[in-house]
Amino acid sequence: KSFVENDVSSATQITCTYPQVLNVNYLNNEISHNIPKAETNPMIFTFSKLDDPKVGQLSYLDSTKSITNVPLFKITDDQEKLVYIDGTGENYLSTHTIYKKAGVSTYTKTVSLLGIPSGTLAMGSCVGY
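Overview of the structure. Since the structure is predicted, the reported quantities are computational estimates derived from the model, not experimental observations.

### A closer look at the overall build of the protein chain
Step number 1: Helix and strand content of the protein chain: zero helices and ten strands.
Step number 2: Listed by position from the N terminus, the elements making up the protein chain come as β-β-β-β-β-β-β-β-β-β.
Step number 3: Whereas a compact globule of 129 residues would reach a radius of gyration of roughly 14 Å, the protein chain reaches 15 Å, a difference of no more than 12%.
Step number 4: The principal-axis extent of the C-alpha atoms belonging to the protein chain is close to 45 × 35 × 25 Å.
Step number 5: Across the 129 residues of the protein chain, 31% fall into the buried class.
Step number 6: Of all intrachain contacts in the protein chain linking residues separated by at least 6 positions in sequence, the fraction that spans at least 24 positions is 42%.
Step number 7: Split by element, the accessible area of the protein chain, about 8,100 Å² in all, is 56% carbon and sulfur.

See below:
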């Protein structure tokens with residue numbers, strides 16, 4: 001889909017919307033790649049506490065329509081991008097990369113539920129406040 005860039009470099013809060021996710025799973029000695037239908041209720045992630053040098057805050061609305069708040073750990077913050085991780089890696093680990101000048105972001109999540117590894121990738125558009 002076409003996209004209009006939206007510079008979020010000077011924002012104090014950034015909201016990104018992810019209308020489509022891609023999934024990969026490993027089960028029964030088989031790797032599957034899935035492109036499900038676009039979300040009817042897209043994931044909406046709001047990043048705050050952007051000026052904190054180490055920690056941020058993520059509030060997100062997913063397809064269940066429930067709001068969850070989690071702390072984020074800042075990995076990179078330069079002119080090009082802002083990178084956060086959340087999760088301990090024990091059950092899941094997520095990365096959030098916001099490309100400031102373009103106003104787009106990528107979201108990845110790796111999970112192991114009952115020993116079944118899976119992953120999610122999404123790209124979204126962002127607005128700053």
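### Quick word on the packing of aromatic side chains
Step number 1: As enumerated under the stated definition, the model contains six aromatic pairs in all.
Step number 2: Each ring, one from Tyr18 and one from Tyr107, has its centre 5.9 Å from the other, and the planes form 50 degrees; the classification is tilted. Of this pair, Tyr18 sits in strand S1 (residues 14–18) while Tyr107 sits in strand S9 (residues 104–113), and the two are 89 residues apart along the sequence.
Step number 3: Here the aromatic rings of Phe45 and Phe47 are separated by 6.5 Å at their centres, their planes lie at 65 degrees, and the arrangement is edge-to-face.

### A closer look at the pattern of salt bridges
Step number 1: In this structure the tally under the stated criterion is three salt bridges.
Step number 2: For the salt bridge of Glu80 with Lys81, the shortest nitrogen-to-oxygen distance reads 3.5 Å.
Step number 3: The exposure class of Lys81 is partly exposed, given its relative accessible area of 23%.
Step number 4: Here the salt bridges do not stand alone but share partners, grouping Lys74, Asp77 and Lys100 into one network.

Conventions adopted
- Residues numbered from 1 in each chain as written.
- Predicted model: local features only at pLDDT ≥ 70, side-chain atom pairs only at ≥ 80, totals over all residues.
- Heavy atoms only, no water.
- Helix = DSSP H or I, 4+ residues; strand = E, 2+ residues; numbered from the N terminus.
- Rg over C-alpha atoms; globule rule 2.2 N^0.38 Å.
- Buried < 20%, exposed > 50% of the residue type's maximum accessible area, 1.4 Å probe, protein only.
- Contact = heavy atoms within 4.5 Å.
- Areas by Shrake-Rupley, 256 points an atom, 1.4 Å probe, with all protein chains shown as cover.
- Phe/Tyr/Trp six-rings, centres within 6.5 Å; stacked < 30°, edge-to-face > 60°.
- Salt bridge = Lys/Arg side-chain N within 4 Å of Asp/Glu carboxyl O.

Structural measurements only, silent on function.
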